[in-house]
Amino acid sequence: MNRTLDELIAKYPELEVCSADIEAAFEAARSSFARGGKMLLAGNGGSAADCEHVVGELMKGFMSPRRLGESERERLAVWGEEGAYMADRLQGALPAISLVSQSALATAYINDVAADMVFAQQVYGYGKPEDTLVVFSTSGSSVNVVRAVQVAKSLGLATIAFTGSGGGKLASLCEVTIRVPYDRTPDIQERHLPIYHALCMMLEEAFFP
C-alpha cells in the first residue's frame, strides 16, 4: 500500500495533501469487500466516465491476472473441457456497479419521478450496510450525488467522495472526502484518475497478492 502511494505522490507531488484521505478510502473499501460487500459508484459527465473506469479495473485483472484457485477451478470441472476453458479465462473480481450505466431505469425514473433522485433510488435498491458508495463531483455539491449519499448514510453504507479543493456539501456528508487541490473541472478530473488507479492497485494487492 505504501509503495503505491509513494509512487503516486512521486508522480503528482501536489497530491500529498490527499494521502491520508486516500489511505482512509482504501481502508473503507477494503473493509467493505472483506465483509462481502460491493462498491456502488455515481457521478455526472466526465465523472460518470470515471465510475465506469473504476468498475473496469475492479471487476477483472488490472495489474495482475487474478487467476482462479484450485477450489474455484474444481467447481467448473463438471463442464469438462469447456470448464477448463472458462477456468483459464475467468479472473478474480471485486464486485462494483456503476449507477450511471442503467439507462432504461435512469431515463424512466428521471421522466416519471425526479431527476435529482436517480442515483438515490439505485442506492436504495442495491445498497446493503456492508457496501461502499463512491461518488465523483468536482464541485462537491451535485444534487443527484448528494441525494445518493444521504440515502447511503441512512442505509449504513460507507461513503467516499472525490471532489475539488472546496469539497462542497459532500465534504461534510461523506466519511472520506478526497479533495484534490484544484478548482477547475479539468484539473480536478485529471487528478482523480491517478488517485483511483492507485486505490484499485492497492485493493488488488490486498485481495489478489
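Residues numbered from 1 in each chain as written. Predicted model: local features only at pLDDT ≥ 70, side-chain atom pairs only at ≥ 80, totals over all residues. Heavy atoms only, no water.

Chemist: Go over the sheet that holds strand E1 (residues 39-43) with me, naming the residues and quoting the values.
Modeler: Across the sheet, which stays open at both edges, the five strands sit in the order E2-E1-E3-E4-E5 with parallel pairing between neighbours. Of all strands in the sheet, those with a lone pairing partner are strand E2 (96-98) and strand E5 (176-179), marking the two edges. The sheet shows a mean angle of 15 degrees between the axes of neighbouring strands, direction not considered. As judged from the three bridges shared by E1 and E2, these two strands associate in the parallel manner. (Pairing = 2+ DSSP bridges. Helix = DSSP H or I, 4+ residues; strand = E, 2+ residues; numbered from the N terminus. Axes fitted to C-alpha atoms, helices over the stretch in contact; angles between N-to-C directions.)

Chemist: Summarise the UniProt feature "domain: SIS" (unreviewed entry) in the protein chain; cite the residues concerned and give the values.
Modeler: Sequence positions flagged by UniProt for "domain: SIS" (unreviewed entry) are, in local numbering, residues 29-209. The annotated region residues 29-209 carries 52% helix and 13% strand content, and the separation between its end C-alpha atoms amounts to 17 Å. (UniProt positions renumbered as here; feature names shortened; annotations may be inferred.)

Chemist: Go over the nonpolar core with me, naming the residues and quoting the values.
Modeler: Ranked by size, the top nonpolar core spans 34 residues in total, and within it Met39, Leu41, Leu58, Phe162 and Ile178 carry the most contacts. It is helix H10 (residues 185-207) that provides the largest number of residues to this core, a total of eight residues. For Phe162, the residues in contact, after removing those within four places along its chain, are Val134, Val135, Phe136, Ser137, Ile178, His192, Ile195, Tyr196 and Leu199. (Core = buried A, V, L, I, M, F, W, Y, C linked by side-chain atoms within 4.5 Å. Buried < 20%, exposed > 50% of the residue type's maximum accessible area, 1.4 Å probe, protein only. Contact = heavy atoms within 4.5 Å.)

Chemist: So what about the state of the cysteines? Which residues, and what values?
Modeler: With the rule as written, the count across this model stands at zero disulfides. The thiol of Cys51 is unpaired, and the distance to the nearest cysteine sulfur, on Cys200, comes to 12 Å. Cys200 sits in the buried class, given a relative accessible area of 3%. (Disulfide = S-S within 2.5 Å.)

Chemist: Hey, could you go over the pairing of strand E3 (residues 132-136) for me, with residue numbers and the actual values?
Modeler: Taken across its five residues, E3 has five buried, putting it largely inside the fold. A two-sided burial pattern is seen for E3, the buried positions comprising Thr132, Val134 and Phe136 on one face and Leu133 and Val135 on the other. Note that E1 and E3 share five bridges and pair parallel. From the neighbouring strand, Ala42 faces E3, where its bridge partner is Val135. Crossover connection from E3 via helix H8 (residues 143-155) to parallel strand E4 (residues 158-163): handedness right-handed. (Right-handed = clockwise from strand over helix to strand, strands pointing away.)

Chemist: Explain the packing of helix H3 (residues 46-58) against H10 to me, using residue names and the numbers behind them.
Modeler: Interhelical geometry of H3 versus H10 gives an angle of 20 degrees and a closest axis separation of 10 Å. What the angle tells us is that H3 and H10 run roughly parallel. Crossing angle aside, the handedness with which H3 passes H10 is right-handed. Across from Gly46, Ser47, Asp50, His53, Val54, Glu57 and Leu58 in H3, the residues of H10 making contact are Gln189, Leu193, Tyr196, His197, Cys200 and Leu203. Taken together, the residues of the contact of H3 with H10 break down into six nonpolar, five polar and two charged. (Parallel < 35°, antiparallel > 145°, perpendicular 65-115°, else oblique. Left-handed = near helix turned anticlockwise from the far one by under 90°. Nonpolar A, V, L, I, M, F, W, Y, C, P; charged D, E, K, R; others polar.)

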